[in-house]
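Observations on chain architecture
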Amino acid sequence: PWLDGDGLAWGEHPFGQDNIGRDYFAVTLRGAQQSLLIAAVAGLLATFIGTVIGGIAGYYRGWVDNTLMRFVDVLFTIPLLVVAAVIGRRVESDSFMVTALIIALASWLTTSRIIRAEFMSLREKEYVEAARALGASNKRIIWRHIMPNAIGSIVVTATLLISAAILVETALSFLGLGVGGSDWSLGKQVATYQTAFTTRPWQFWWPGMFIVTIALCNNFIGDGLRDAFDPKQTRVRQ
């Protein structure tokens, strides 16, 4: 096989090695795996919380809406990274689930506002009024008539939250509050090897490229899922 100057076969370390000889390709793949897990768990959990809060506020309105939205407004005044940093400092753990939970608890606010507006619009539609006049319960109206028509907004919001979760995890890693211990994530790689930017720039650029690629692909997938599951999009195409 072709050998380099150190007697290593070309392609044995496609991303090179770090300063202590670790295969950077393996480190990057492990980091991508952890970042994807963190982003997926955080995005889906934040979407669930935001959908429940926003759906209840948008459907029932009145004092329920005022109470929930004032609570959301108060939380909006606190920067996301500050909330995540405080929670992360209080709860120290090497598990990626803890990092995902911290991100989710700090990032559901915008989703709740979007879903609230969607529910407030859909509850005034003629088919909802007809179902209410026929004696359908609130639970049936929400699950059978409103939720299927709000699924497009929910899916798009979830994909945006998943993409944003990777960026938040990167920011937390810079603060030392991301994935801990000997494990890796893309954010931890960027934070760990930022000092090597001038001498070994690939140690900084490879995880950065993975972060951008994952975010873009996730957004494209979200657009496709919205077109596939949103009944309103299907009617327009027909």
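Now for a look at the structure at hand. (Residues numbered from 1 in each chain as written. Predicted model: local features only at pLDDT ≥ 70, side-chain atom pairs only at ≥ 80, totals over all residues. Heavy atoms only, no water.)

1. Overview of the overall build of the protein
Within the protein, the secondary structure is distributed over ten helices and zero strands. Helices and strands in the protein line up, N terminus first, as α-α-α-α-α-α-α-α-α-α. Carbon and sulfur atoms make up 66% of the accessible area of the protein, which totals about 13000 Å². (Helix = DSSP H or I, 4+ residues; strand = E, 2+ residues; numbered from the N terminus. Areas by Shrake-Rupley, 256 points an atom, 1.4 Å probe, with all protein chains shown as cover.)

2. A look at helix α2 (residues 62-76)
Spanning 15 residues, α2 covers 21 Å between terminal C-alpha atoms, matching the ideal 21 Å at 1.5 Å per step. Looking only at α2, the buried set comprises V64, D65, M69 and V72. An end-on view of α2 places all buried positions within 105 degrees of arc, on one side of the element. Turned more than 90 degrees away from the buried face of α2 sit W63 and V74, all of them exposed. The inward-facing, buried residues of α2 abut α1 (24-60) and α5 (109-122). (Expected span 1.5 Å × (residues − 1). Buried < 20%, exposed > 50% of the residue type's maximum accessible area, 1.4 Å probe, protein only. Arc of directions from axis to C-beta. Contact = heavy atoms within 4.5 Å.)

3. Here we look at the pattern of salt bridges
Counting across every chain of the model gives six salt bridges. Salt-bridge contacts for R70 lead to D73; the nearest nitrogen and oxygen are separated by 2.9 Å. With R70 and D73 both in helix α2, this residue pair falls three residues apart, about one helical turn. Across the pair R113 and D73 runs a salt bridge whose closest N-O atoms are separated by 2.9 Å. Of this pair, R113 sits in helix α5 while D73 sits in helix α2, placing them 40 residues apart in sequence. (Salt bridge = Lys/Arg side-chain N within 4 Å of Asp/Glu carboxyl O.)

4. Let's talk about the nonpolar core
I38, A42, I103 and L172 are the most contacted members of the largest nonpolar core, which has 29 residues in total. Among the elements of the structure, α1, α2, α3 (80-90), α4 (96-105), α7 (138-174), α8 (186-192) and α9 (202-229) are those that each provide at least two residues to this core. Those residues in contact with I38, other than ones at most four positions away along the chain, are F96, T99, A100, I103, E169 and V179. By size, the runner-up hydrophobic cluster in this structure holds twelve residues, among which are F119, L122, A131 and I146. (Core = buried A, V, L, I, M, F, W, Y, C linked by side-chain atoms within 4.5 Å.)

5. Description of the packing of aromatic side chains
Within this structure, the stated rule accounts for one aromatic pair. A centroid spacing of 5.1 Å and a plane angle of 85 degrees characterise the contact between Y59 and Y60, whose relative ring orientation is edge-to-face. Accessibility expressed as a relative area gives 42% for Y60, which makes it partly exposed. If you follow R123 out to its NZ or CZ, it ends over the ring of Y59, 5.3 Å from the centre. The ring of W184 has K188 sitting right over it, with the charged end atom 5.3 Å from the ring centre. (Phe/Tyr/Trp six-rings, centres within 6.5 Å; stacked < 30°, edge-to-face > 60°. Lys NZ or Arg CZ within 6 Å of the ring centre and 35° of its normal.)

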